[in-house]
Amino acid sequence: LRGTGKTAFARAIAGELGLRSLSSHAARKSIFGDAKKRAAYGEGVYTAEANRLTYRKLIEAAARALKNGRSVILDATFRAAASLATARSMAAEAGARWRFIECRLAPELVRARLAERASKKEGLSDATWEVYLRQREESASLYAEPGADYLILDTSGSLAATSRRASDWLRSSEEMGEEMGEEVEWTLLCL
């Protein structure tokens, strides 16, 4: 969800492993440009149709990167089951290994992060506490149980230690794939 550290961790993991990180915020900005202004939940450039266009652009960019032999991190909330299914299907069609990381953070820490981000006017995200609460309500049953392709990452710790945990998990997934004779590429979806 918003404010859990997805972008910071996606960038850290991408840097450590040499992956390409693609952001839904950047995709939305490239589509809507100056029209991307803070709006109420589900309005402006955050309507269902705007979200569909944003995720289509993000997934198409990932498909191109995978086709060119680049492993990819998709930095997005993936609240809609259809977008998540499309991304997973795209990974399968590209012959990429699917890995999913859900970033979790205690609500009081999310609230503090969002307030700090707003006071500094940092980043491309328009997230507010109200947006976080709505997203949490809507996504409660969207995700699966942790397993071989799914990691829940507590993002309350240091960026370095927490991103190292995720990178180690990805490396162990790669090693398992190599042992099974698979050629490995990752598609990593950070929530």
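All residue numbers refer to position in the chain's written sequence, counted from 1. Predicted model: local features are reported for residues with pLDDT of at least 70 only, side-chain atom pairs are reported and counted for 80 or more only, and whole-chain, interface and lining totals are derived from all residues. Water and hydrogen atoms were dropped before computing side-chain values, which therefore reflect all heavy atoms in the structure.

## Here we look at the side chain of Arg28
For clarity, the threshold we go by: Elements are defined by DSSP. Helices are runs of H or I of four residues or more, strands are runs of E of two residues or more, and each kind is numbered from the N terminus. Residues adjacent in sequence count toward polar contacts only when both atoms are side-chain atoms; beyond that, a polar contact is any pair of N or O atoms within 3.5 Å, and within protein one must be able to donate a hydrogen and the other to accept it.
Mapped onto the elements of the fold, Arg28 is located in helix α2 (residues 24–32). Within the local environment of Arg28, its side chain forms a polar contact with the side chain of Thr54, the two groups lying 3.4 Å apart.

## Description of helix α4 (residues 81–93)
This is how it is decided: One fewer than the residue count of a helix, multiplied by 1.5 Å, yields its expected span.
Taking 1.5 Å of rise per residue, 13 residues should cover 18 Å, and α4 covers 18 Å from first to last C-alpha, within 8% of that figure. Count one or two residues on from α4 and you reach Gly95, which has phi positive near 75°.

## Digging into the environment of Ala127
Put simply, the test is: Any pair of residues with heavy atoms lying within 4.5 Å of one another is described as a contacting pair.
Secondary-structure assignment places Ala127 in the loop between α5 (107–120) and α6 (129–138). Sequence separation between Ala127 and Arg2 is 125 residues; the distance between their C-alpha atoms is 6.1 Å. Those residues in contact with Ala127 that lie beyond four places of it in its chain are Arg2, Arg38, Leu114 and Arg117.

## Quick word on the environment of Gln135
Applied cut-off: Partly exposed describes any residue whose relative accessible area lies between the buried limit of under 20% and the exposed limit of over 50%, with all areas from a 1.4 Å probe on protein chains only and scaled to the type maximum.
In this fold, Gln135 is placed in helix α6. Note on Gln135: relative accessible area 1%, which makes it buried. In this structure the C-alpha to C-alpha distance between Gln135 and Arg79, which are 56 residues apart in sequence, comes to 7.3 Å. Those residues in contact with Gln135, other than ones at most four positions away along the chain, are Leu1, Arg2, Tyr41, Thr77 and Arg79.

## Describing the pattern of salt bridges
The line we're drawing: Salt bridge, as applied in this entry: a Lys or Arg side-chain nitrogen positioned within 4 Å of an Asp or Glu carboxyl oxygen.
In this structure the tally under the stated criterion is seven salt bridges. Residue Arg171 is joined to Glu16 by a salt bridge in which the shortest nitrogen-to-oxygen separation is 2.9 Å. One end of the pair, Arg171, is in helix α7 (residues 159–179); the other, Glu16, is in helix α1 (residues 6–17), with 155 residues separating them in the sequence. The class of Glu16 is partly exposed, set by a relative accessible area of 36%. The salt bridge involving Glu49 is made with Arg52; its shortest N-O contact spans 2.7 Å. Linking Glu49 with Arg52, this pair stays in helix α3 (residues 48–67), spanning three residues, or about one helical turn. Arg52 sits in the partly exposed class, given a relative accessible area of 40%. Shared partners join several salt bridges into a network, and the residues in it are Glu16, Asp168 and Arg171.

## What to know about the pairing of strand β2 (residues 72–75)
Here is the rule: At least two bridges found by DSSP between two strands is the condition for calling them paired.
Residues Val72 and Leu74 line one face of β2 and the alternating positions Ile73 and Asp75 line the opposite face, and both faces are buried. Sheet analysis places strand β1 (residues 20–23) next to β2, joined by four bridges and oriented parallel. Each bridged residue has a counterpart across the sheet, and for Ser23 the counterpart in β2 is Asp75.

## Things to note about the nonpolar core
We count it as follows: We call a set of buried residues a nonpolar core when its members are Ala, Val, Leu, Ile, Met, Phe, Trp, Tyr or Cys and they connect through side-chain atoms within 4.5 Å of each other.
Counting residues in each nonpolar core, the largest one holds 21 residues, and the members touching the most others are Leu22, Leu58, Val72, Leu74 and Phe78. When contributions to this core are tallied by element, the ones reaching two or more residues are α3, β2, α4 and β3 (97–104). Of all the elements, α3 adds the most residues to this core, at seven residues. Not counting residues within four places of it along the chain, the set of residues in contact with Leu58 comprises Leu22, Ser23, Ser24, Ala27, Leu74, Ala76 and Phe78. Within the second largest apolar cluster, 12 residues are counted, among which are Ala14, Ile73, Trp169 and Leu170.

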